[in-house]
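What follows is the residue order along each chain.
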Amino acid sequence: MNIKDLGFFEKNIEKIVIGVAGVFFVAIIWFFVIGSPYRADIQGTSMGPNQVETDVMNNARRLAAGISSTQVPPAIEPMPVPAYVQSVQARLQQPVSPIGQYKVTLGRPGLDQSIFGGGHEEEVVYKIPTPPAPEKLVARADFAVLRNLPPRELVRWTRLIGHQVPRDFRYVSVGANFDMAAWQHRLRLSNLPDTWWRNVLLVTEVVLERQELDPATDTWGEAQRVPFLPTQPHFNRVPLTHRGANAAEMAAIIRRLEFSITHPAFAPITDDRLWLPPDMPTEKLTLQQRRQLGLIEIQILRKERQAAGGSAFGPEEENMENPEEVPAPAPGPDNEPGMPAAPWGTAGETPGAPTPGPAGDLAALLIQRDAILSGQMLTSATPTPGAALPGPGIPPTPVPTPSASPAPAAPLDLGPNIIVHDLTVRPGHTYRYRLSIGLFNPLFQRKSELAPAQKARSEELAILSPVSAWSQPVAVLPDRLFFLTSANASLGTTRWEIFHILQGRWVSHVFSARPGDLIGGRVPVTVDNTAYDVNLQVQAALVDIVTTTTRMGSTGSALAMRLEDGSIFERNPSTDTDSPLYRHLRQEINERAAAAAAAALPAGTPAPSPTPRPNPRVPSGYPRPGTYPPNLPPNLPPNLPPGYPEPPDPGRNVPPRR
């Protein structure tokens, strides 16, 4: 190639490379040898890492020299100190108030700054926290008998239970827990002064609501408020008779009645069937054990009321059905603190009679209660006070009080701290419940101490908590329960045993029926030497008798039709008579018959041994609790017994044969 044909870069490529390498070498020497790339501006001066420490030390030396210097810089002027001592002494010489006594209570604690020229204080808006909702609801249905009462008192109870004679009624008791400590904690975190709420942590009312299940659509109806019992005080507003009372006086009235607000006395019932709390698992107890447990619960409730400083059911609770008629409490023997109450008005008890025994009796009663719930039968010659109450058909069973009452290591488990009752339920229906709690308003009657926007809140006596979650469905016993005891297809006959509640106990009668006959009828029944004409007519008719083949062989079954909706159902005698429900009813009737026979024996004759109570196992595969039809009694395991009448199924006319 000719050199003349080469370009400028081709001729001088070596010099260009050497020149670029020289520039790069000079840059490296300049940045990394002569200078440093790691520099920062500190107080307007660019410094490298090796200069920072020297600058810090120089500044420290200058600062130390300035501190140790005795010369005052001319730029700092002396600061005058106010005469605080003289000012405080002058204020102490002045009177606290120009008048001796105000017509209204003073506001916030301390001296009013407007008296000594402290200036205007800004208004404070107080925030009331939201109370906690009740929790752990438990509901249980049962039945009882209203005892004979004076006409004026009888009217107040028949408004709830009805005017039927005999006065058997169904009810549902609902228990819940309200965390007063959580409410106190929320108030402490608010901006409310402690003196406003610390002494008024009170429950003013318990509002019970319910929903009824529609079996046709399997949906719940609208929420309805359950009426208060005549023994249940409630203060959602100030009664007319106490309109002149101040906050402290109203708090004292509510405090005296608070136990009756959260534990209203049950209806005055006979001894045929005693009330039991809703959290009691009574499905495996005999009638004797149930009675013992009911008597112990009476004593426990008395001790709780006494420990809470409550009073006996006296004049101050007489008109509690209408809070506008509440009279002012007057001291007397019936409302002195420490007097126990007669919670359920059991016959033979004296209201206001003191219960003997030390405070440790409550722990002893709880020990007895746990012993009965574990299946034991308490027998002793030393009865618990008020326990030896005779009951129709059941001889008195004394409940012992242990000689020593040990103090429990843990807090006493008294069950729900709120128990209320619904006496307006209907037989054969299913309900669920929820609660809300009324609490004393910390702003009540503090109008002069509140901002204008909050003055209206001072007129409210109570604030309502959020409602609780709904309880589990609870089924109320129907009027009649019927079971097929035998079926003969060749003879065309069936036998049905029908159970009914009469005077607080189960009674039964066996009826025969052929195809086309109605099941049941009216029969005379004698209870406690009194004859009653009882209607044991079941709203069903026998349609046919068929032969069913099972693993045990051939047996007869009955096809019947419900008159209310025309649905067909099938019943089998072996399944019905082997069901836990049927055996429970038969066992209860047998226990009462044995007790009545033992009471009729001459004195000194040994009583026959009681029939052992069956303890059947519930087969696997039964519906879970809460899915059974609304007829299962509350004192049975929450499983559908095999012989229990099933609800009509719109998807089929005849249930599959078992």
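Along each chain, the written sequence defines residue order, and numbers are assigned to residues from 1. Selection of residues for local features in this predicted model requires a pLDDT of at least 70, selection of side-chain atom pairs for listing and counting requires 80 or more, and totals for whole chains, interfaces and linings are taken over all residues. Based on all heavy atoms of the structure, the side-chain values leave hydrogens and waters out of the count.

**Observations regarding the sheet that holds strand β3 (residues 135-145)**
Ordered by their spatial adjacency, three strands build an open sheet running β3-β4-β8, and the pairing between neighbours is antiparallel. Of all the strands in the sheet, just β3 and β8 (418-422) have a single pairing partner and so form its edges. Across the sheet, the axes of successive neighbouring strands diverge by a mean angle of 20°, strand direction being ignored. Any two strands between which DSSP finds at least two bridges are classified as paired. Counting from the N terminus, the helices are DSSP H or I runs at least four residues long and the strands are E runs at least two residues long. Two strands pair when backbone bridges link them, and strand β4 (residues 168-177) and β8 are joined in this way by five bridges, in the antiparallel orientation. Considered in β8, the bridge of Ser-173 is made with His-421. Angles here are taken between N-to-C directions and fall from 0 to 180 degrees, while the axes themselves are lines fitted to C-alpha atoms, restricted in helices to the stretch in contact.

**Quick notes on the pairing of strand β13 (residues 493-502)**
Each regular strand shows side chains that alternate between the opposite faces of the sheet. When accessible area is computed with a 1.4 Å probe and restricted to protein chains, residues below 20% of their type maximum are described as buried, those above 50% as exposed, and intermediate ones as partly exposed. Extensive coverage of β13 is indicated by the burial of eight of its 10 residues. Inspection of the sheet shows strand β12 (residues 480-488) paired to β13 by eight bridges, in the antiparallel sense. Among the inter-strand pairings, Arg-480 is bridged to a residue of β13, identified as His-500. Relative to strand β14 (residues 505-513), β13 runs antiparallel, the two being bridged by nine bridges. Of the residues in β14, the one forming a bridge with His-500 is Val-507. Hairpin remark: β13 followed by β14, antiparallel, with two residues in the connecting loop; positive phi at Gln-503, about 55°.

**Describing unusual backbone geometry**
Glycine aside, negative phi is the norm for most residues, and most peptide bonds take the trans geometry. Backbone torsion omega between Val-165 and Pro-166 reads 0°, so that peptide bond is classified as cis. Structurally, Pro-166 is set in the loop between α4 (151-161) and β4. Look at Gln-445: it is not a glycine, yet its phi comes out positive at around 60°. Turning to its location among the elements, Gln-445 is positioned in the loop between β9 (430-440) and β10 (462-464). Gln-445 gets classed as partly exposed once you look at its relative accessible area, which sits at 38%. The phi angle at Gln-503 is positive, at roughly 55°, despite the residue not being glycine. Locating Gln-503 in the fold gives a position in the loop between β13 and β14.

**Remarks on a nonpolar patch on the surface**
Residues enter patches when their relative accessible area tops 30% and they take part in no salt bridge; the joining distance is 9 Å for like charges and 5 Å for the nonpolar side chains Val, Leu, Ile, Met, Phe, Trp and Tyr. Throughout, the Shrake-Rupley method with a 1.4 Å probe supplies accessible areas, and for residues the shown protein chains are the sole cover considered. The term salt bridge refers to a pairing of a side-chain nitrogen on Lys or Arg with a carboxyl oxygen on Asp or Glu at a separation within 4 Å. A contiguous nonpolar surface patch, about 600 Å² in accessible area, is contributed by Phe-8, Phe-9, Ile-13, Ile-16, Val-17 and Val-20. Checked against the element boundaries, Phe-9 lands in helix α1 (residues 8-34). Residue Phe-9 is classed as exposed on the basis of its relative accessible area of 59%.

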